[in-house]
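Chain residues, written in single-letter form:
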Amino acid sequence: MPLSALFSQTPLWVFALLALLVWLGIKRLQARTTPLTRVWMVPAVFIVWGVSGLFARGGAPIDIAAHWFAGAVLGGALGAWSLSPASLRFDHRNRLVHQPGSVLPLLRNLAIFLGHYVLQVIAATQPHLRDSAMGWDVYVSGLSAGYFIGWSIRFVLGQRRAPQTDLFASAA
């Protein structure tokens, strides 16, 4: 299948999601102060997408759950490791957080998105590899959800322990 045909068969929402993830990742290249509700956008998208991957597969449910869980455990460890709560400052009164700039969110967003996308493309274009690609996609789904669950736990624990900092004047 030519590349142009592949792109023409890709649903528009996939490109919109990619654009959103790139935009959000680029915004995180610079240090910034944001409302806490905005911080949860990307984790929510990836957790929902990852958990939906658990239920969107045919096959033995116990096997699928075991593979998903293996990915989630690895992802959870990576997510918890990737966040340093000490680098965050919280304004508890105004529900703001100051995060340092980092390329990690952009790279992470692209890696997870591309992992899913490439496996879906392989499954759609190589029928003999479909089962294998979808098997690996279960791991990616678990890894994605687990990463953001681990990250979220570490974020919330850091938030609870953080002293009050007045960030209202520098809110984006």
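Higher on the page you've got the structure.
Note that this is a predicted model, so its numbers are computed, not measured.

A. Fine view of the overall build of the chain. Helix and strand counts for the chain stand at seven helices and three strands. For the chain, the α and β elements follow one another from N to C terminus as α-α-β-α-α-α-β-β-α-α. Dimensions of the chain along its principal axes, counting C-alpha atoms only, are 55 × 35 × 20 Å. Within the chain, the proportion of its 172 residues that are buried is 38%. Restricting to contacts in the chain with at least 6 residues of sequence separation, those with at least 24 account for 82%. Put simply, the chain has 13 plus and 5 minus side-chain charges, and the middle of one group is 11 Å from the middle of the other.

B. The arrangement of the environment of Arg160 in detail. Structurally, Arg160 is set in helix H7 (residues 130-161). Relative accessible area serves as the criterion here: at 68%, Arg160 is assigned to the exposed category. For Arg160 and Gly115, which are 45 residues apart along the polypeptide, the C-alpha to C-alpha distance reads 33 Å.

C. The packing of helix H2 (residues 12-27) against helix H6 (residues 104-125), seen in detail. Two numbers describe how H2 lies on H6: the axes approach to 7 Å, and their chain directions differ by 160°. In terms of axis orientation, H2 runs roughly antiparallel to H6. H2 and H6 meet at a crossing whose hand is left-handed. Residue-level inspection shows Val14, Leu17, Leu18, Leu21, Val22, Gly25 and Ile26 of H2 in contact with H6, the latter providing Pro105, Leu106, Asn109, Leu110, Phe113 and Tyr117.

D. Spatial organisation of the sheet that holds strand S2 (residues 89-91). Read across the open sheet, the three strands follow the order S1-S3-S2; overall the sheet is antiparallel. One side of each edge strand has no neighbouring strand; the edge strands of this open sheet are strand S1 (32-35) and S2. Here the average twist between neighbouring strands, direction ignored, is 25°. Relative to strand S3 (residues 96-99), S1 runs antiparallel, the two sharing four bridges.

E. Layout of the environment of Val39. Relative to the helices and strands, Val39 resides in helix H3 (residues 36-39). Leaving out residues up to four positions away in the same chain, Val39 has contacts with Thr34, Val97, Gln99, Trp151 and Phe155.

F. Molecular detail of helix H4 (residues 41-55). Between its terminal C-alpha atoms H4 stretches 22 Å, which fits the 21 Å expected from 15 residues at 1.5 Å a residue. For H4, every residue scored as buried is listed here: Val42, Pro43, Phe46, Gly50 and Gly53. The arc enclosing the buried residues of H4, seen along the axis, measures out at 95°, which places them on a common side. Among the exposed residues of H4, those oriented more than 90 degrees off its buried face are Val48 and Phe55.

G. Spatial organisation of the pairing of S3. In S3, alternate side chains face the same way, and those of Leu96 and His98 on one face and Val97 and Gln99 on the other are all buried. Here S2 pairs with S3 via three bridges, running antiparallel. Looking across to S3, one finds that Asp91 is bridged to Leu96. The antiparallel hairpin formed by S2 and S3 contains four residues in its connecting segment, where Arg95 sits at a positive phi of about 55°.

H. Local environment of the side chain of Thr33. Inspection of the secondary structure assignment puts Thr33 in strand S1. Its relative accessible area of 2% is what places Thr33 among the buried residues. A polar contact is formed between the side chain of Thr33 and the side chain of His98, at a distance of 2.9 Å.

What counts as what
Residues numbered from 1 in each chain as written. Predicted model: local features only at pLDDT ≥ 70, side-chain atom pairs only at ≥ 80, totals over all residues. Heavy atoms only, no water. Helix = DSSP H or I, 4+ residues; strand = E, 2+ residues; numbered from the N terminus. Buried < 20%, exposed > 50% of the residue type's maximum accessible area, 1.4 Å probe, protein only. Contact = heavy atoms within 4.5 Å. Lys, Arg positive; Asp, Glu negative; His and termini not counted. Charge placed at Lys NZ, Arg CZ, Asp CG, Glu CD. Axes fitted to C-alpha atoms, helices over the stretch in contact; angles between N-to-C directions. Parallel < 35°, antiparallel > 145°, perpendicular 65-115°, else oblique. Left-handed = near helix turned anticlockwise from the far one by under 90°. Pairing = 2+ DSSP bridges. Expected span 1.5 Å × (residues − 1). Arc of directions from axis to C-beta. Polar contact = N/O pair within 3.5 Å; in protein donor to acceptor, adjacent residues only side chain to side chain.

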